[in-house]
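This is what each chain is made of:
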Amino acid sequence: MKKLEVFGVAKLKGQIRISGSKNASLPILAATLLSDKIISLRNLPKVKDIETMILLLKSLGSIVDDNKKKITIKNNKQSKTFAAYSLVKTMRAGILVLGPLLAKFGKAKVSLPGGCAIGTRPVDIHLKALSKLGVKYKIIQGYVHADAPKGLIGANIKFPKISVGATENLIIAACLAKGKTVLSNCAIEPEIEDLINFLIKMGCNIKWTSKRTIKIEGVAKVNELNYQVMPDRIEAGTYLIAAALTEGNLKVTGIDPKIISTEINILKKVGAKIIQKKNEILIKGSKKIKSINIKTSPYPGFPTDLQAQMMVLLCKANKKSYIKEEIFENRFMHVAELNRMGAKISINGNKATIEGNIKFEAAELMATDLRASVSLILAALASKGKSIINRIYHLDRGYEDIEKKLKKVGAKIRRLN
Ligand code: EPZ
């Protein structure tokens, strides 16, 4: 079982280049199923979830050529429409092939993703919305058996709750539906914007008609395309928080500050000095970290994917802080491990109370999910001595070359087999 060894205390100094966005790449990879032409994608992050999605596409009949700089996907053979549990269970975004398979082939058998450490991860919103496009589905032995005997027919759909994945699944499905689809109460994360840019460049007809409403006119077919995926704003936010935590001095490059303005404003409020340039962010952590109360919410609110990382920073604040997790029902798995490092965090329902002025102690730790594992690395960087973080396969799902990037800016970190 791979683990990470981290020696603290570290002050991060230097430059980190941000990789491509995992959460933009996954729906875009799923959307390639709409095409039977050649699609080339650049800037995909080299992380486990992308490998898994590519395996899933290959299992559906896609021919994928990966030459490191870009991947080329050809779907010109009849595709299979079965997405196996073995692939979907480790990467819940596998459910995103449901929309494109139904749009292209009118039928699909896709494994339900199943839950994970942070929550039950239901897909009811995806399924109810797809049925409005004429899809009939049954759940049999953990699989969604879906078909659209008359093809997908455009419809007006209002999501009952903001869902990133459901918005993505329905945008992709509606691209080949007959007629017009209007989706309202959509998620508006930058990754959805990137998916829409990709689909429009592939020949789809999609327009935002208001803040959370999209109009899609179905098209008969889509073109070939060469596309570069956007950078990862959660990776960028993670390194900015690491710099604020370690009184560091970092230049984070390859990211447009506009898409993480909420995070930047919060880091300024806690005392970090930040200069924003066109495609980079300079951050200098301050000795004094001010407390702040945060609640996670859909974009443009504070992202749930940075909640664990922010919690570590607030342990070092000058007084008590509060974090409310409004998106997932169980996203405090990192708290027990942080408390073992000397943190004093108490949970009441979806609210965490974080005592400040904590001196972290190095410890042997257990990662539980992707973002929790990176929060343990941050805490280890701020702890005197050697920490060991186990089960780092969680980390490898979503952070490209993390120890290489951290080592380059002064962290003493290495992978142990
Ligand atoms: C996406 O997950 C991201 N994953 C998550 O990032 C991110 O935390 C989440 O959006 C919220 O921003 C990818 O993009 C691959 P949702 P998704 O549908 O689409 C409930 C990471 O660390 N819900 O917006 O699954 C759901 O349970 C990952 O990179 C339903 O009830 O999130 C949750 O409470 C973790 N029924 C809330 O809505 C549904 O049909 C928001 O989920 C769908 C969702």
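Anything mentioned here points back to the structure above.
First things first, this report covers the structure right here in the doc. (Residues numbered from 1 in each chain as written. Predicted model: local features only at pLDDT ≥ 70, side-chain atom pairs only at ≥ 80, totals over all residues. Heavy atoms only, no water.)

Let's talk about the overall build of the protein
- Of the regular secondary structure elements, the protein holds 14 helices and 24 strands.
- For a compact globule of 417 residues, the expected C-alpha radius of gyration is about 22 Å, and the protein comes in at 21 Å, within 12% of that figure.
- Expressed as a percentage of the 417 residues in the protein, the buried residues total 59%.
- The long-range share in the protein, meaning contacts at least 24 apart out of those at least 6 apart in sequence, stands at 72%.
- Positive and negative side-chain charges in the protein, numbering 72 and 34 respectively, have mean positions lying 2 Å apart. (Helix = DSSP H or I, 4+ residues; strand = E, 2+ residues; numbered from the N terminus. Rg over C-alpha atoms; globule rule 2.2 N^0.38 Å. Buried < 20%, exposed > 50% of the residue type's maximum accessible area, 1.4 Å probe, protein only. Contact = heavy atoms within 4.5 Å. Lys, Arg positive; Asp, Glu negative; His and termini not counted. Charge placed at Lys NZ, Arg CZ, Asp CG, Glu CD.)

A closer look at the sheet that holds strand S23 (residues 385-390)
- Read from one edge of the open sheet, 4 strands run S22-S23-S1-S24, paired in mixed fashion. Every other strand in the sheet has two partners, leaving strand S22 (364-366) and strand S24 (412-416) as the edge strands with one partner each. Averaged over all adjacent pairs, the angle separating strand axes in this sheet is 20°, with direction ignored.
- Sheet topology places strand S1 (residues 3-8) next to S24; 5 bridges connect them, and they run antiparallel. Paired with Lys3 across the two strands is Leu416, which belongs to S24. (Pairing = 2+ DSSP bridges. Axes fitted to C-alpha atoms, helices over the stretch in contact; angles between N-to-C directions.)

Looking at the site of the ligand
- Around the ligand, the structure places 22 residues, and the nearest of them are Asp124, Ile125, Ser163, Asp305 and Ile327.
- The contact in question runs from an oxygen atom of the ligand to an N or O atom on the side chain of Asp305, over 2.6 Å.
- Here an oxygen atom of the ligand sits 3.3 Å away from a polar atom, N or O, in the side chain of Arg331.
- Considering the ligand on its own, with 830 Å² of exposed area, one finds that the protein chains cover 86% of that surface.
- Where the shell around the ligand is concerned, the elements lending two or more residues are helix H1 (22-31), helix H5 (124-132), helix H6 (164-174) and helix H12 (370-381).
- A per-class count over the shell around the ligand returns 10 nonpolar, 5 polar and 7 charged.
- Here the shell around the ligand spans two domains, and each of domain 1 (3-19 + 231-416) and domain 2 (22-228) adds at least three residues to it. (Near = heavy atom within 4 Å. Polar contact = N/O pair within 3.5 Å; in protein donor to acceptor, adjacent residues only side chain to side chain. Areas by Shrake-Rupley, 256 points an atom, 1.4 Å probe, with all protein chains shown as cover. Nonpolar A, V, L, I, M, F, W, Y, C, P; charged D, E, K, R; others polar. Domains from an automatic or database assignment.)

Some words on empty space enclosed by the protein
- Taken as a whole and judged by the stated rule, the model has 1 cavity of 30 Å³ or more.
- Of the volumes computed, that of the largest cavity is approximately 30 Å³.
- What lines the largest cavity is Gly237, Ile241, Glu263, Ile266, Leu267, Phe302, Leu306 and Met310.
- With 3 residues, helix H9 (residues 261-269) is the single largest residue contributor to the lining of the largest cavity. (1 Å grid on protein atoms, 1.4 Å probe; cavity = no way out; pocket = protein on both sides within 12 Å on 5 of 7 lines; lining within 4 Å. Points joined across faces, edges and corners; volume = space filled by probe spheres on them.)

Here's the deal with the sheet that holds strand S15 (residues 249-253)
- Strand order in the open sheet formed by 4 strands is S2-S15-S17-S16, with mixed pairing between adjacent strands. Pairing within the sheet leaves two strands with one partner each, and these edge strands are strand S2 (13-17) and strand S16 (273-277). Taking the axes of each pair of neighbouring strands and ignoring which way they run, one obtains an average angle of 15° across the sheet.
- In this structure, S2 lies alongside S15, joined through 5 bridges in parallel fashion. Paired with Ile16 across the bridge in S15 is Val252.
- Lying on the sheet, helix H8 (residues 233-245) is in contact with S2, S15 and strand S17 (280-284); it crosses S15 at an angle near 170°.
- Against the sheet, H9 touches S16 and S17, its axis set at about 150° to S16.

Things to note about the side chain of Glu403
- Among the structural elements, Glu403 can be located in helix H14 (residues 402-408).
- For Glu403, a relative accessible area of 14% gives the class buried.
- The contact partners of Glu403, leaving out residues within four places of it in the chain, are Leu4, Ile413 and Arg415.

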